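The residues making up each chain are set out below.
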Amino acid sequence: MHLKRRHRAREATGASSHNGVAQARPLPRAFDWNDLRYLLAVAAHGGTLAAGRALGVDASTVQRRLAELERRVGAPLVQRQTRGYRLTDFAQALLPAANAVEQAVHAFEQRVERARRDAARVLRVTCPQPLVHRITNARLLDEFHARHPDVRVEFVMSDRYVDLGKGEADVALRSGDTDDGALVGRKIGDSLWAVYASQAYIARHGRPQRVEDLPAHALVGFDDSLRDHRASAWLRDVAPDARLAARSDSVLGLLYSAKAGIGIAPLPTALGDAEPELVRVLGPVAALTRIWRVLTTRELRHTPAVEAFFDFLTEDVARLRPIITG
């Protein structure tokens, strides 16, 4: 009888016996840390559909992963409401820790990627696509690789500002307003913009003589993905009610639309002046003038590959300026 009571006590506390030695029951399998992404996405977007779009999955995947996470933590995390999902108090209490995990994983991924690139001596340089063409044609890369054969430059081409702090690139060749205190760099030239139209457009619709004439013309501008670009803001300011004949998510899109005669477009002078089909009708526009910089993070500034690239670009700025300014 006494032995039975001891056995029942071991069962009640989750212990088992093997050769007379008490053993604890195995703990449940730990939850998948990746499932925290779904919780954070629902917290940020308020629903599984929007969270799925942000994560690139369907809503059913978000629901399934949340259900699995709830099973693992042993408590409900979301409550369905008419206008979406609301996090439970339990989930709200977990959010700071979940955010910390996400940041730590992101930092680890960045460290792994940078270590991989350091080993391969890959230098990722972000800049607008047209600049890559001009740099390549000027054979600057050939000269850089001849001096530093162990470093391979890989371009990340984008008209948006790629986030260096998040490890999306190592170095940026960037024009415009740069107020990010985490970045360091040097001026390498001026970014000049003017307004262009094709000869065919001018023959059909005439040529604007001043900025105030622009609202009477078909204009080409950026789409909403670049609504904060200075050219977008300038067009909204000088021609708020003008009809946009075409929208694009890149400078090259503006260039091709202007060349096709679709409308008048603001363009970098380095591009517009190089096209025989285009006529500079206004400018350079002072409101669109900015400076070109070569930028990187403080952490990367004095790594060997970045330092070599900085030194190469800034040792002969006079040679570089025609490439970026025209």
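Residues numbered from 1 in each chain as written. Predicted model: local features only at pLDDT ≥ 70, side-chain atom pairs only at ≥ 80, totals over all residues. Heavy atoms only, no water.

A.B. asks: So what's going on with the sheet that holds strand E12 (residues 265-268)? Which residues, and what values?
C.D. replies: Two orientations exist for strands paired in a sheet by backbone hydrogen bonds: parallel and antiparallel. Strand order in this open sheet of three strands is E12-E9-E13, and the pairing throughout is antiparallel. If you trace the sheet from one side to the other, it starts and ends with E12 and strand E13 (278-282), each paired once. Averaged over all pairs of adjacent strands, the angle between strand axes in this sheet comes to 55°, irrespective of strand direction. Contacts between helix H10 (residues 251-259) and the sheet are confined to strand E9 (193-198), E12 and E13, with E12 contributing the most and set at about 125° to the helix. (Pairing = 2+ DSSP bridges. Helix = DSSP H or I, 4+ residues; strand = E, 2+ residues; numbered from the N terminus. Axes fitted to C-alpha atoms, helices over the stretch in contact; angles between N-to-C directions. Contact = heavy atoms within 4.5 Å.)

A.B. asks: Explain the packing of helix H7 (residues 140-147) against helix H12 (residues 304-314) to me, and be specific about the residues and the numbers.
C.D. replies: Where H7 meets H12, the closest approach of the two axes is 11 Å, and the angle between their N-to-C directions is 130°. By the angle class used here, H7 and H12 are oblique. H7 and H12 meet at a crossing whose hand is right-handed. Here Leu140, Glu143, Phe144 and Arg147 of H7 lie close against H12, whose contacting residues are Ala308, Phe309 and Phe312. (Parallel < 35°, antiparallel > 145°, perpendicular 65-115°, else oblique. Left-handed = near helix turned anticlockwise from the far one by under 90°.)

A.B. asks: Describe unusual backbone geometry, listing the residues and the values that go with them.
C.D. replies: Note that the residue after Gly283, namely Pro284, is joined by a cis bond; omega there is 15°. If you trace the backbone, Pro284 turns up in the loop between E13 and strand E14 (290-297). Within the chain, Arg139 stands out as a residue other than glycine whose phi angle is a positive 65°. Position of Arg139 among the secondary structure elements: in the loop between helix H6 (129-137) and H7. For Arg139, a relative accessible area of 54% corresponds to the exposed category. (Buried < 20%, exposed > 50% of the residue type's maximum accessible area, 1.4 Å probe, protein only.)

A.B. asks: An account of the nonpolar core is requested, with residue identities and associated values reported.
C.D. replies: Counting residues in each nonpolar core, the largest one holds 33 residues, and the members touching the most others are Val195, Leu214, Leu219, Phe222, Trp234, Ile264 and Leu267. Those elements that place two or more of their residues in this core are E9, strand E10 (219-222), helix H9 (230-238), H10, E12 and E13. When sequence neighbours within four positions are dropped, the list of residues in contact with Trp234 reads Val195, Val211, Leu214, Val285, Ala287 and Leu288. Counting 27 residues, the second-largest nonpolar core is a separate cluster that includes Val125, Val171, Trp292 and Val294. (Core = buried A, V, L, I, M, F, W, Y, C linked by side-chain atoms within 4.5 Å.)

A.B. asks: Break down the pattern of salt bridges for me, with residues and values.
C.D. replies: This structure, assessed with the given rule, holds 16 salt bridges. Residue Arg147 pairs with Glu315 through a salt bridge whose shortest N-O separation is 2.5 Å. With Arg147 in helix H7 and Glu315 in the loop between H12 and helix H13 (317-325), this residue pair connects regions lying 168 residues apart in the sequence. By relative accessible area, which is 40% here, Arg147 ends up partly exposed. Judged by relative accessible area, Glu315 falls into the partly exposed class, the value being 48%. Here Glu277 makes a salt bridge to Lys259, at a shortest N to O gap of 3.9 Å. One end of the pair, Glu277, is in the loop between helix H11 (269-272) and E13; the other, Lys259, is in helix H10, and 18 residues separate them in sequence. (Salt bridge = Lys/Arg side-chain N within 4 Å of Asp/Glu carboxyl O.)

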